[in-house]
Amino acid sequence: MIRRSMQIAVLVAVGPMGAVTAFAQAGGPVTVIRNATVLTVTRGTIEKGTIVIRDGKIAAVGTNVDVPRGATEIDATGLFVMPGIIDAHSHIAIDGAVNESSLSVTSMVGVADVLNPKDIDIYRGLAGGVTSANVLHGSANAIGGKNAVIKLRWGKDAHGLLFEGAPPGIKFALGENPKRASAGGNNADRRYPATRMGVMDVIREAFVEARTYQGKWRAYDAAVKAGDRTAAAPSRDLRLEPLVEVLEGKRLVHAHSYRADEILQLLRIAEEFKFRIATLQHVLEGYKVADEIAKHGAGASTFSDWWAYKVEAYDATPYNPALMTQRGVLVSINSDSAEEHRHLNQEAAKAMKYGGLTEEQALKLVTINPATQLGIDKRVGSIEVGKDADLAIYTAHPLSTFAIPRQVLVDGVVYFDREKDLQQREVRARQKQALKDKENAGSTPARPTAPDTTPKAETTPGSEEKR
């Protein structure tokens, strides 16, 4: 329920945990969420809490927050508020195919060039409490394309979806997918690699090239700095530039992986070239090498309980997120699916059943942990003063299977409202029926055709099975 407040603003900054922590005194329109159970994720739970939002940011949160005059109020009595869910592995909002699979190193292509702001999966994700997503290239390539971290600002254009200031990233892939991509077609069309050792070689070769390319530019820059006017700049290589950014710590690597041996191989290659893997995606055997992952400093973004959908996924276990967490790995739960992302809160809850994580640890799997993995944790992932007001309001505790998102806010703006959604469904149904009626009323009778006298082949059970 939303209403306008006529209360007078009073500034307070005292109290126990959950009391007022800050207050925005002036600025643009203010929205206030009142009487909610606030799951901050990083600072505990606040009963009957209030969140003040100004200019898209959380201006105050606590139990004793006064409401400024004219604020738009959301009455959240009996409801739960948590940070908006962050999906660390998504393929929504990509126009066309997700794999540029003609080469095994396609670091020159980028998802941001093909973002489709009209993809209905953006809205469906919002309806599931998701507010940000790491949109990745597919896994057909050892080194795939550049990623795009987006906010689910449904209705904005492609540029308006981009998460401003999010560190750039790139997709790598190990195992069956980059192998399988090169095994199709006739032999003349097959490309390298076709084996797991070939995948590692492709990655190593690419970074050897990138390091050489980096050296040429450094030599050129040094010559220019020394006053050499005859120095010639190297030709730009759009394939190697993103890999140089990886070497220089300016671009995050998100690596699709399953088996423990391949995970270790990639970590060793990264350490050989002195860069860090940001996240191992899927990482279903991460529990076997959790200590090595933690030592490297990589995050792990996995499924809750998916396994056995292909050979390299047979040794998975739903205890994986909890086991890796207990060994000091920063773990998140991702969807990799436009359906799964609608209930990532429930996927996180499974880590309580399989592994005994606490409620707070489970919530972190889909909020602050993926935010940290993507380098956006100073903006989102928890309910703290100064952070973006990306919030999901649930009808019950979000780790419950009965919880339904009531409203979802991005930058303090309500982008999903269940009540309005239900109302719009009726309106759209009437509009659709009216269009159908109009189409039927204006249709012309079908033109008569000559009878078909072509002999028909007898349909047999065998021919049906081959279709």
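Just so it is clear, the model here is predicted, and its values are computed rather than measured. (Residues numbered from 1 in each chain as written. Predicted model: local features only at pLDDT ≥ 70, side-chain atom pairs only at ≥ 80, totals over all residues. Heavy atoms only, no water.)

### Comments concerning the overall build of the protein chain
Per the secondary structure count, the protein chain includes 13 helices and 18 strands. Relative to its 467 residues, the protein chain shows a buried fraction of 50%. A sequence separation of at least 24 residues applies to 70% of the contacts in the protein chain between residues at least 6 apart. Counting every atom, the protein chain has about 22500 Å² of accessible surface; 52% of that belongs to carbon and sulfur. (Helix = DSSP H or I, 4+ residues; strand = E, 2+ residues; numbered from the N terminus. Buried < 20%, exposed > 50% of the residue type's maximum accessible area, 1.4 Å probe, protein only. Contact = heavy atoms within 4.5 Å. Areas by Shrake-Rupley, 256 points an atom, 1.4 Å probe, with all protein chains shown as cover.)

### A short note on helix H4 (residues 196-225)
Compared with an ideal rise of 1.5 Å per residue, which puts 30 residues at 44 Å, H4 spans 44 Å between its outermost C-alpha atoms and is within 8% of the ideal. Inspection of H4 places Arg196, Gly198, Val199, Met200, Val202, Ile203, Ala206, Phe207, Ala210, Tyr213 and Gln214 among the buried residues, and these make up the whole buried set. (Expected span 1.5 Å × (residues − 1).)

### Description of the sheet that holds strand E12 (residues 252-257)
The sheet built from six strands is open, its strands ordered E9-E11-E12-E13-E14-E15 with mixed pairing. Two strands bound the open sheet, and with one partner strand each, they are strand E9 (143-146) and strand E15 (331-333). Going from strand to strand, the sheet's axes swing by 25° on average, the running direction of each strand aside. Direction of pairing for strand E13 (residues 279-282) relative to strand E14 (residues 299-302): parallel, over a ladder of four bridges. Looking at the pairing, glutamine 281 lines up with serine 301 of E14. (Pairing = 2+ DSSP bridges. Axes fitted to C-alpha atoms, helices over the stretch in contact; angles between N-to-C directions.)

### Some words on the pairing of E13
In this structure, E12 lies alongside E13, joined through four bridges in parallel fashion. Residue pairing in the sheet places histidine 256 in a bridge with glutamine 281 of E13. Crossover E12 to E13 through helix H6 (residues 260-272) is right-handed. Handedness of the E13-helix H7 (residues 290-296)-E14 crossover: right-handed. (Right-handed = clockwise from strand over helix to strand, strands pointing away.)

### Brief notes about helix H1 (residues 120-127)
Structural remark: α-helix, 3.6 residues per turn; residues separated by three or four positions point the same way. Buried within H1 we find Asp121, Ile122, Tyr123, Gly125 and Leu126. Check the buried side of H1 and you find it contacts strand E8 (130-135), helix H2 (158-161), strand E17 (405-410), strand E18 (413-417) and helix H12 (418-442). N-capping of H1 is provided by aspartate 119, with a side-chain oxygen placed 2.9 Å from the backbone N of aspartate 121. (Polar contact = N/O pair within 3.5 Å; in protein donor to acceptor, adjacent residues only side chain to side chain.)

### Considerations on the pattern of salt bridges
Applying the stated criterion to the full structure yields 30 salt bridges. With a shortest N-O distance of 2.5 Å, lysine 57 and aspartate 388 are connected by a salt bridge. Placement of the pair is lysine 57 in strand E4 (residues 57-62) and aspartate 388 in the loop between helix H11 (368-374) and strand E16 (391-394), with a sequence separation of 331 residues. Aspartate 388 gets classed as buried once you look at its relative accessible area, which sits at 2%. We note a salt bridge from arginine 379 to glutamate 164, for which the minimum N-O separation is 3.7 Å. In this pair, arginine 379 is assigned in the loop between H11 and E16 and glutamate 164 in the loop between H2 and strand E11 (169-173), connecting sequence segments 215 residues apart. Counted as one network, the salt bridges with shared partners bring together Lys57, Lys151, Arg153, Glu164, Arg379, Asp388, Asp390 and Asp411. (Salt bridge = Lys/Arg side-chain N within 4 Å of Asp/Glu carboxyl O.)

### Quick look at the confidence of the model for the protein chain
Residues at a pLDDT of 70 or more form 87% of the protein chain, whose mean pLDDT is 90. Taken together, the stretch residues 1-26 has pLDDT below 50 and engages in 69 contacts with residues farther than four places along the chain or on a different chain. The low-confidence segment residues 455-467, where pLDDT is below 50, has two contacts with residues more than four positions distant or belonging to other chains. (pLDDT = per-residue confidence, 0-100.)

### Side note on the side chain of lysine 171
Secondary-structure assignment places lysine 171 in strand E11. At 6.4 Å, aspartate 336 is the nearest oppositely charged side chain to lysine 171, a buried residue that forms no salt bridge. Engagement of the side chain of lysine 171 in a polar contact is seen with the backbone oxygen of histidine 137, the distance being 2.9 Å. For lysine 171, the residues in contact, after removing those within four places along its chain, are His89, His91, Leu136, His137, Gly138, Ser139, Ile143, Gly144, Gly145, His254 and His256. (Lys, Arg positive; Asp, Glu negative; His and termini not counted.)

### Observations regarding the environment of valine 38
For valine 38, the location among the structural elements is in strand E2 (residues 30-39). Taking relative accessible area as the criterion, valine 38 reaches 0% and is therefore assigned buried. For the pair valine 38 and methionine 82, spaced 44 residues apart in sequence, the C-alpha to C-alpha distance is 6.3 Å. In contact with valine 38, other than residues within four places in its own chain, are Gly44, Thr45, Ile46, Gly49, Ile51, Val61, Val81 and Ile383.

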